[in-house]
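Listed here are the chains, written in short residue letters.
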6 protein chains.
Amino acid sequence: MNYTREEAGILVQALPYIQAYSGKIVVIKYGGNAMLDEDLKRGVARDVVLMHCVGMRPILVHGGGPEISSLMKKMGKEPEFVNGLRVTDQETMEIVEMVLAGKTNKGIVSLINGAGAKAIGLSGKDANLIAAEKAEGEVDLGFVGRVTAINPDILIDLLHHGYIPVISSVAIGPNGESLNVNADHIAGEIAAKVGAEKLIMMTDVPGIYGAIGDQSTFISELNVADADKMIRGGKISSGMIPKVEACVTALRGGVPRTHIVDGTKPHSLLMEIFTDTGIGTMIVRESKD
Amino acid sequence: MNYTREEAGILVQALPYIQAYSGKIVVIKYGGNAMLDEDLKRGVARDVVLMHCVGMRPILVHGGGPEISSLMKKMGKEPEFVNGLRVTDQETMEIVEMVLAGKTNKGIVSLINGAGAKAIGLSGKDANLIAAEKAEGEVDLGFVGRVTAINPDILIDLLHHGYIPVISSVAIGPNGESLNVNADHIAGEIAAKVGAEKLIMMTDVPGIYGAIGDQSTFISELNVADADKMIRGGKISSGMIPKVEACVTALRGGVPRTHIVDGTKPHSLLMEIFTDTGIGTMIVRESKD
Amino acid sequence: MNYTREEAGILVQALPYIQAYSGKIVVIKYGGNAMLDEDLKRGVARDVVLMHCVGMRPILVHGGGPEISSLMKKMGKEPEFVNGLRVTDQETMEIVEMVLAGKTNKGIVSLINGAGAKAIGLSGKDANLIAAEKAEGEVDLGFVGRVTAINPDILIDLLHHGYIPVISSVAIGPNGESLNVNADHIAGEIAAKVGAEKLIMMTDVPGIYGAIGDQSTFISELNVADADKMIRGGKISSGMIPKVEACVTALRGGVPRTHIVDGTKPHSLLMEIFTDTGIGTMIVRESKD
Amino acid sequence: MNYTREEAGILVQALPYIQAYSGKIVVIKYGGNAMLDEDLKRGVARDVVLMHCVGMRPILVHGGGPEISSLMKKMGKEPEFVNGLRVTDQETMEIVEMVLAGKTNKGIVSLINGAGAKAIGLSGKDANLIAAEKAEGEVDLGFVGRVTAINPDILIDLLHHGYIPVISSVAIGPNGESLNVNADHIAGEIAAKVGAEKLIMMTDVPGIYGAIGDQSTFISELNVADADKMIRGGKISSGMIPKVEACVTALRGGVPRTHIVDGTKPHSLLMEIFTDTGIGTMIVRESKD
Amino acid sequence: MNYTREEAGILVQALPYIQAYSGKIVVIKYGGNAMLDEDLKRGVARDVVLMHCVGMRPILVHGGGPEISSLMKKMGKEPEFVNGLRVTDQETMEIVEMVLAGKTNKGIVSLINGAGAKAIGLSGKDANLIAAEKAEGEVDLGFVGRVTAINPDILIDLLHHGYIPVISSVAIGPNGESLNVNADHIAGEIAAKVGAEKLIMMTDVPGIYGAIGDQSTFISELNVADADKMIRGGKISSGMIPKVEACVTALRGGVPRTHIVDGTKPHSLLMEIFTDTGIGTMIVRESKD
Amino acid sequence: MNYTREEAGILVQALPYIQAYSGKIVVIKYGGNAMLDEDLKRGVARDVVLMHCVGMRPILVHGGGPEISSLMKKMGKEPEFVNGLRVTDQETMEIVEMVLAGKTNKGIVSLINGAGAKAIGLSGKDANLIAAEKAEGEVDLGFVGRVTAINPDILIDLLHHGYIPVISSVAIGPNGESLNVNADHIAGEIAAKVGAEKLIMMTDVPGIYGAIGDQSTFISELNVADADKMIRGGKISSGMIPKVEACVTALRGGVPRTHIVDGTKPHSLLMEIFTDTGIGTMIVRESKD
């Protein structure tokens, strides 16, 4: 392309943000429609590569979703859910792992590499990155886990050499078995453990609303205490709850700012980074005022 | 365990081999029954970790095989072969990739990590490790590829930090598409590109025979010229051909010694390394005499 | 500021250029009106800092010009020129050095630092950066010199630590005396010596014309042989000649591309970098066709 | 030259001092007649280079003085002082900066380089080395400043690469403006900030006297408390006060020893370093007895 | 040699011990019959080289013994002992130093190098490794010393470059004189100072007995308090006392485990390292039960 | 001490020599009376430490001489010489090694350390520094050797960490046996192998004479061809021959300058280094005129 002088001017306005995030780790939970639509997928890849090129160090965490159920059905297996959580027997776990680590992950890696960076796909098994144990609960969901430890050395080594890590939400259990862990939670734990400057959760809605369904109640900033209160008060939708929990985990681990943004629109990542006010809902430890 | 003095003495006899291979890269094509039998699998993992612990730098390359056809069948898809090569349409390629990168690869990684080392699973897409193009031939086999370039930086970086790379035989095509490439060939190309000291190809037979089926004609050393002659003369079985070709690729790329060993017996890797005469068939550039 | 999605999209389009120039040295001869107008000055500083932030390694070279004569006049000394070259007696040389190294240089350093980078001002005396000898000619111009050696170590050290070097066109003579050297020539010599990827000469006109004064004869690409011919044929204006000579020096020293651009318009540096076709006149070793 | 055995013996006696100061930073405030007399100038340069060659890491700080007034007069501007401090309007500040950073600084750099080391001239603007704010006082002196922060990174980087930093006493104000700051004070602040082992202040007198003008009252060691008392008691001449203040700043910042020495005699720097008792007046935090 | 599969299996069982001691420093007091018998000597050298090859960092400390008296006698000098300590006049000290640093030390170095590693012999004088003062006592034993300081830098530097340090028990006194120091004590001090993981004392008996001479009272683990009690109670033989003291010094300095093993049998070092229960007597800070 | 201004001036005159030899390796063959007289010994140690402190990297090589015969006699063994070479049976070799590596070497190390540097004593066995084979000749001299290889890694590692290597003239034979090698020859071989800038051979005479015994024929510079001619013509005394041979070996190995100096006078090393014309006889590859 050829930039006009006006467009060159727009580049220059990114300067303070580039300087502020130079060398900083940004953990991105990649999910929702931004993983399904081909244009959005390519867009996210390019946004991530731009972040990398201007000096940030992005880490992507992703889950799977629709593709898992689709493969299960092809294999004549009916997906089953309890309270929105997938019941994961041994065979389902194998399918989950194949789809996440063998298909979704490599697809994202491929798009990022195509945009000119060097991505490396990892599952929680690689270098024992994500250790987990079986999640306890009223119902036995099978191979569903809860993070017990993050071993971030491999992430630090890869970032140091200029790679972009892309992490699928499969963890390793105490006996070497695979465990299916919520990708939102993994993103929160990793952000906390690697000393990220920012955690960005991509969803299909603009952020959190005071009253579900009422656009006028959009909340652009929220602190941990209020987020807690809203969850307990049933004011946050069930799909949003793990995202908010991930933000809280990251904040408690020292990450200064966490964000829930709408991945269904192009360039949401850049707009979140290259902006004073940000877009979506920002969750912080304590509100300033 | 508690070593007896005799057993301690056996350790000491490993000394000259440990010294000779200290810091050297050994590429291992992992395949055959050693990938199917649980005891053999754990055995290979431990052998590889021992090699790593005494200072060598192993790299594993693996394909898949039976598991791919098995998943295809579960999905109601009939595997098809032409001259022993899998016909790979788009959907088959997806299955191949899911099985190799999502299941087989992570299983090997997990076993090695369980034995106390830090393995990282890679496919040819990660950091564009293996670039390929569609293989030409009489019959269009679909997404079957042939290596055009190895980008070994990620391997060097990982080895430098003490990781054991485990590579599945999926390559990236010119347009970012996945391509199914023979794992033997990949092992040969990688050995040549990373300056390996040894390439070890694991199979289900003891090595190469002068006359197929005649145990008395076992060949323990072979040079490239004779190997060529045997292939052209139809004296090498079709399953063995890509293994011999991989050895020749590695030798031409500067790897001093290549070996075809029997992976159906325990500790074949160690016996190959810690021995003057080796086991199996060794292929070299030129015979000494 | 807050980027719109469209503006964020413009950022992304810079990606291929950022990637292409990552880690590359770009030498910029800063001069003309861009050194006099406050807005243009601040604009150049920001453009340079942006280049630095996205991974390039800019080096600035500047002369002085009007400020020297102005200070001379204040001191009751009449500037004198022979064929456009300043007659430089001892006292004039002192004034030249004070203005260039003490005022112009520190002003540029200050603007770049104000835009958020770390600039270091150097004259050719610092670490013996620019060695020169008295220029021979029909008329004795006094302390006017010609580059004999560039000692680039200090530049490499500063770039390595993330500083932006800003160099004033004062050189050191064989006996430690100061010599006044054409800044265009210095820029060309430095570009050649540090292995720059690009040399950009800022002027007050859009570039080179086939026929001076005829806008329709603008030349967007020129090779060394043709540039030579044009100089010998008197087709290049006297002010432009040292700029073209600097480009030729850089090209002969291995710099792939050199550019003469119009510094009187904002963001010319960025438009030159972030564009396929470039702006201004590009001089290359050999034309492609 | 050819050393006699006796002269070689003198070299050996320097050994304990060389060992004691190996790798240590010594900040030297260069000033007074040692900056005016050509022989003394060359002598100081050689002494500094010798210190550097035997493993010390010298940093020079200088002001200007007579040359500033002389240039002002040439430009028809009358220097004005209030209580010994220069009234510095905008135009005067420009002259101060041109003389210090463009003439004096480069002259010192040139002499040191001529003696075989690699000096780099810096003003407080380079890499924002010296930040200052307008000095408050009864009379508005214009662009006269007071140090608010030293950013020593550039000094550490240069020392690490074997350069000798030479710093002129111009600082950068909150809005990027130049400020004229007392060079003695800058030397004290820098010594404190870089962890210097010694601060040496060069003057035109042998040191401090108990009674001004009475040679018999020469003080060879003084502690901070007594120095304070003497200043308050009016026992220290006005020209000496900023020197003593600089020593106190350095001592409070952790510098073990500070010295006021006579720069009008040759080799005072070496005699201070290579001697048990030192020459001149040493100021320490607390007297030993 | 050629390993059988069973022997290869024995190698693999060393894995957990190799992993546990990878990169760890093991200090070995080499002494007794293992220094006299040629087969035992070569055996110890090979064991040490194996430890080094599998990633441990061994340091050897040795004394002399019989050879010193033998040389003294050849020179017509009668060895004299008080309470088992050698009376060491000036001439005896010279003999001690020549034998230890010139013969015993270089002999060990030579055997280790012959086994394929790179050993460097040191005495306590090299880089002032072991500083001592004259030992006080009822009887003046002459040049017999007691460690006052270990300067471990040279050990760290040598280990870092892959050398095996071999240290003879000669120390340097306050005036540069040589002092004869008990090698057991030196081993304990060095283990404490370099942060060793293990200290192994080689003797001619299996370890410590509850009742001297009664095989049935063999003690396989002992804590510091009990060891103290046994010494005070006269239950430890005089030759064993400095060994136990060395262990206590090491334990107090932070070494986790210390061992007294029988050097008269082959491979005692390896059996101590590659075993859960160890051989000989282990002394620890506190018993577990 | 307290330097006078004149003495400080002498220091400054060393500057060009310090600069010229900064970082350069100087190999010194230490021998003759300078090894016997206590004052000369301390003087050499201080000279060497001064060289080290001002940035050179000295390596000392020494033999033994009188002390060996003296110990032999104490042991009732008569020293025997053939053509000035010591007949060295097994027992004599042991004595040679004990004296050189255990006494002389550690004595020098101790003096250098006492002067404030860190010396490390090495024999040719340490890290296989000096490999040799039995010297062939008309008469069998026993364990007398001739250098076959220098393994300089340990020297480079020690110099890099700031140590001064002190090397005794004992080499290691093909079967691990000790061999007695002429120290002059070792010095020449080492100078050639480590890329020394200078080789200095200390003797008891001022240098080489055209006619032995005639002071007026002193030769201050000699080239290799003439040195050869003089040896063949019997014009060089037998004690001087190995020194001249060592110089020739060094010169052929690329050492620019070699020197034979008188060690019986103080500070000969410094006078050789810190002088234009040098003292003693300099041997160079080719004379300038």
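Bear in mind that the values here come from a model prediction, so they are computed numbers and not experimental data.

A. Structural detail: the overall build of chain A. For chain A, the count of helices and strands is ten helices and 16 strands. If you line up chain A on its principal axes, its C-alpha atoms span 60 × 45 × 35 Å. Sorting the 289 residues of chain A into buried and exposed places 57% on the buried side. A separation of at least 24 residues holds for 72% of the contacts in chain A among residues at least 6 apart in sequence. Element-wise, carbon and sulfur atoms account for 49% of the exposed surface of chain A, whose accessible area totals about 11100 Å². In chain A, 28 positive and 35 negative side-chain charges are present, and the distance between their average locations comes to 3 Å.

B. Structural detail: the interface of chain F and chain D. In this complex, chain F contributes 37 residues to the contact, which on the side of chain D involves 36 residues. For the pair chain F and chain D, the two sides together bury roughly 3300 Å², of which 66% comes from carbon and sulfur. Seen at the junction of chain F and chain D, the total is zero salt bridges. Applying the counting rule to chain F against chain D returns six residue pairs in polar contact (both at pLDDT 80 or more). Elements that contribute at least two residues to the side of chain F that touches chain D include exactly α1 (5-13), α2 (15-21), α3 (38-53) and α10 (268-273) of chain F. In the side of chain F that touches chain D, the residues fall into 21 nonpolar, ten polar and six charged.

C. Focus on the pairing of strand β16 (residues 281-284) of chain C. Residue and element names in this part refer to chain C. Residues T281 and I283 line one face of β16 and the alternating positions M282 and V284 line the opposite face, and both faces are buried. By the bridge criterion, three bridges tie strand β14 (residues 221-223) to β16 in an arrangement that is parallel. If you follow E221 over to β16, its bridge partner there is M282. In this sheet, β16 lies alongside strand β15 (residues 257-262) in antiparallel orientation, the contact comprising three bridges. Bridged to T258 within β16 is I283.

D. Region of interest: the sheet that holds strand β8 (residues 164-168) of chain A. Residues and elements named next belong to chain A. Taken in spatial order, the eight strands line up as β5-β8-β2-β1-β11-β15-β16-β14 in an open sheet, and their pairing is mixed. The open sheet has two free edges, formed respectively by β5 (119-123) and β14 (221-223), since each of these has just one partner strand. Averaged over neighbouring strand pairs, the angle between their axes works out to 20° when direction is ignored. Of the strands in this sheet, β1 (25-30), β11 (198-203), β15 (257-262) and β16 (281-284) are in contact with helix α9 (residues 241-252), which crosses β11 at around 175°.

E. Structural context of the arrangement of the chains. Chain D makes no contact with chain E; the smallest distance between any of their C-alpha atoms is 16 Å. Across all C-alpha pairs, the smallest distance from chain B to chain F is 16 Å, and the two are not in contact.

F. Looking closely at the relation of the copies chain A and chain B. Screw-axis analysis of chain A against chain B gives a translation of 0.0 Å along the axis, an RMSD of 0.0 Å, and a rotation angle of 180°. Here the symmetry operator amounts to a two-fold rotation axis. Considering only C-alpha atoms, the residue of chain A closest to the rotation axis is A:G102, which sits at 1.9 Å. A shared interface surface links the copies, since 100% of the contact residues of chain A are contact residues in chain B too.

G. Seen up close, the interface of chain A and chain B. Across the contact, 33 residues belong to chain A and 33 residues belong to chain B. Carbon and sulfur atoms supply 57% of the area buried between chain A and chain B, which totals about 2800 Å² over both sides. Across the chain A-chain B interface, the total number found is six salt bridges. Of the charged contacts in the structure, one is a salt bridge between A:E91 and B:K74, with a shortest N-O distance of 3.9 Å. Connecting chain A to chain B are 17 residue pairs in polar contact (both at pLDDT 80 or more). At the level of secondary structure, the elements contributing two or more residues to the side of chain A that touches chain B comprise α4 (66-74), α5 (90-114), β5 and α6 (153-160) of chain A. For the side of chain A that touches chain B, the element with the highest residue contribution is α5(A), accounting for twelve residues. Residue composition of the side of chain A that touches chain B, grouped by class: 14 nonpolar, eight polar and eleven charged.

H. Just unusual backbone geometry, in detail. In this structure, C:H267 takes a positive phi of about 65° despite not being glycine. Mapped onto the elements, C:H267 comes out in the loop between β15 and α10 (268-273). Judged by relative accessible area, which is 17%, C:H267 ranks as buried. A positive phi is found at D:A127, a non-glycine position, where the angle reads about 50°. Inspection of the secondary structure assignment puts D:A127 in the loop between β5 (119-123) and β6 (130-134). D:A127 gets classed as buried once you look at its relative accessible area, which sits at 7%.

Basis of the calculations
- Each residue is numbered by its place in its chain's sequence as written, counting from 1.
- Ligands are numbered from 1 and chains lettered from A, in the order in which they are written.
- Given that the model is predicted, a residue must reach a pLDDT of at least 70 before its local features are reported, and side-chain atom pairs must reach 80 or more before they are shown or counted; all residues, however, enter totals for whole chains, interfaces and linings.
- No hydrogens and no water enter the side-chain calculation; it runs on all heavy atoms of the structure.
- Comment: elements are numbered from the N terminus, with helices defined as DSSP H or I runs of at least four residues and strands as E runs of at least two.
- Each residue is placed in one exposure class: buried if its accessible area under a 1.4 Å probe, protein chains only, is under 20% of its type's maximum, exposed if it is over 50%, and partly exposed if it falls in between.
- Any pair of residues with heavy atoms lying within 4.5 Å of one another is described as a contacting pair.
- In short, Shrake-Rupley with a 1.4 Å probe defines the accessible areas, and a residue's cover is counted only from the protein chains shown.
- Two residue types count as positive, namely Lys and Arg, and two as negative, namely Asp and Glu; His and chain ends fall outside the count.
- Throughout, a charge is located at the NZ atom of Lys, the CZ atom of Arg, the CG atom of Asp or the CD atom of Glu.
- Accessible area that two parts lose when put together, with a 1.4 Å probe and added across both, is what the buried area reports.
- The salt bridge definition used is simple: a Lys or Arg side-chain nitrogen within 4 Å of an Asp or Glu carboxyl oxygen.
- Nitrogen and oxygen atoms within 3.5 Å of one another constitute a polar contact, given that in protein one can donate a hydrogen and the other can accept it, and given that sequence-neighbouring residues count only through two side-chain atoms.
- Classification convention: Asp, Glu, Lys, Arg as charged; Ala, Val, Leu, Ile, Met, Phe, Trp, Tyr, Cys, Pro as nonpolar; all other residues, Gly among them, as polar.
- A strand pair is defined by DSSP finding two or more bridges across the two strands.
- Structural elements are reduced to axes, namely lines fitted to C-alpha atoms, with helices fitted over the stretch in contact, and the angle between N-to-C directions of any two is expressed from 0 to 180 degrees.
- Here the copies were fitted onto each other by least squares, based on C-alpha atoms from residues at pLDDT of at least 70 in both.

Everything listed here is a matter of coordinates, which is why it stays silent on function.
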